[in-house]
Amino acid sequence: MRYHLLSFLLLTLLSELSWGQKSLTILERYQLQIDEISGMCWINNEEKKNLILVSDKDNILYFVNWEDRKHTTQIKKLSIEDFQSIPHNLEMGQWESLYCHKHLIYLVQESTAKILILNLKTYSFVKLLDLKMNPELQDNIQWGVHLNSQAEGFLPLNTGNFIIAKEKKPAMLIEFSNNTNHIFGLTEDFLLRPNENFISKYQTFFPVKHWKIPLDTHFDISEIFYEKSSLYLLSDKANQILQLSSSLLTSEEEIEIIKRHYLPKEIKKAEAILFDQDGNILIGVDEKGLQDFNLFLLKRPSF
């Protein structure tokens, strides 16, 4: 009982301290008819004109014309189950993150530790990636030991590997590969270029390297994102955007947080993050019900 009380007091104090910092400014608020936003991406990351959003409550892709947002919040919907050749035995729901590149979209399913790849041009199923644990690393990574302690964010690389954000207990970044001897880390040169795609001939991937995040154990990671030569992590519990360096080196064990950007107190349960064409930040929230604002545009921070 005393332990739980001390934990609650500590979390309250840390939250008050972070909210006491100067937070990012809200420019716009939107009330989209989406229950519990868990991921979003630009269909074309260079143009940044059209958004795709996903919820962890259903199996729908939501499309929003961002340029026309001042005039309408009309949303187009597409069921994941309607994509051609989608496996009939595919478990649905619990989509925790979304990544887009060219005509492919990648949906991260935390509960099953799988990544679903869909083709938006042909509206067809492409592949299902399976994230398996390397027994030698399980003691350090604690993959799936606790509830909601698997994949949250996804960043594919041109090395054939990808980076996964593990939500909590402990929160960390993990490099997955189809070959346990292939460890590359992350540099800007490893990011997918506009003419590249991540379509692996392999289906099963294993962790080959992990980086600890210097956060209190009660905090979490909701999303990972790369923009403006920096890696960013979104933390729901910390109510912060963590700005990291541009690389994850294989020689390092822990990530250095370069800067912390504090979210306004009004925003709760931040689960998705994007940057717009002007460098402003979009935050999607995992708010239950359809009566509250669930998408915020924040003024670009000072990098």
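Residues numbered from 1 in each chain as written. Predicted model: local features only at pLDDT ≥ 70, side-chain atom pairs only at ≥ 80, totals over all residues. Heavy atoms only, no water.

Moving on: the sheet that holds strand β8 (residues 114-119). Spatially, the 8 strands line up as an open sheet ordered β6-β7-β8-β9-β13-β12-β11-β10, and their pairing is mixed. Of all the strands in the sheet, just β6 (95-101) and β10 (151-156) have a single pairing partner and so form its edges. Strand-to-strand twist of the sheet, defined as the mean angle between neighbouring strand axes without regard to direction, takes the value 30°. Pairing of strand β7 (residues 104-109) with β8, which is carried by 6 bridges, proceeds in the antiparallel orientation. In the sheet register, Tyr106 faces β8, and the bridge partner there is Ile117. (Pairing = 2+ DSSP bridges. Helix = DSSP H or I, 4+ residues; strand = E, 2+ residues; numbered from the N terminus. Axes fitted to C-alpha atoms, helices over the stretch in contact; angles between N-to-C directions.)

For the rest of this paragraph, the subject is the sheet that holds strand β20 (residues 295-298). Strands belonging to one sheet form pairs held by backbone hydrogen bonds; the direction of such a pair is parallel or antiparallel. Spatial strand order, β1-β20-β19-β18: 4 strands in an open sheet with antiparallel pairing. In this open sheet, the two strands that pair with only one neighbour each are β1 (26-30) and β18 (270-275). Neighbour-to-neighbour, the strand axes of this sheet turn through a mean angle of 20°, independent of strand direction. Pairing geometry for β1 and β20, over 4 bridges, is antiparallel. Across the sheet, residue Tyr30 finds its bridge partner in β20, namely Leu295.

A word on the nonpolar core. By size, the foremost hydrophobic cluster in this structure holds 46 residues, and its most contacted members are Leu131, Trp143, Leu155, Phe162 and Leu173. Dropping the residues within four chain positions of it, Phe162 is found in contact with Ile115, Leu129, Leu131, Phe154, Leu155, Pro156, Leu157, Ile174, Glu175, Phe176, Phe198 and Phe205. By size, the runner-up hydrophobic cluster in this structure holds 33 residues, among which are Tyr232, Leu263, Leu274 and Phe275. (Core = buried A, V, L, I, M, F, W, Y, C linked by side-chain atoms within 4.5 Å. Buried < 20%, exposed > 50% of the residue type's maximum accessible area, 1.4 Å probe, protein only. Contact = heavy atoms within 4.5 Å.)

Bringing the pattern of salt bridges into the picture now. Considering all chains together, one arrives at 8 salt bridges under this definition. Asp236 is the partner of Lys237 in a salt bridge, and the nearest nitrogen-oxygen pair spans 3.7 Å. The exposure class assigned to Lys237 is partly exposed, which follows from its relative accessible area of 42%. Here the residues in one salt-bridge network are Lys114, Asp130 and Lys132, joined through shared partners. (Salt bridge = Lys/Arg side-chain N within 4 Å of Asp/Glu carboxyl O.)

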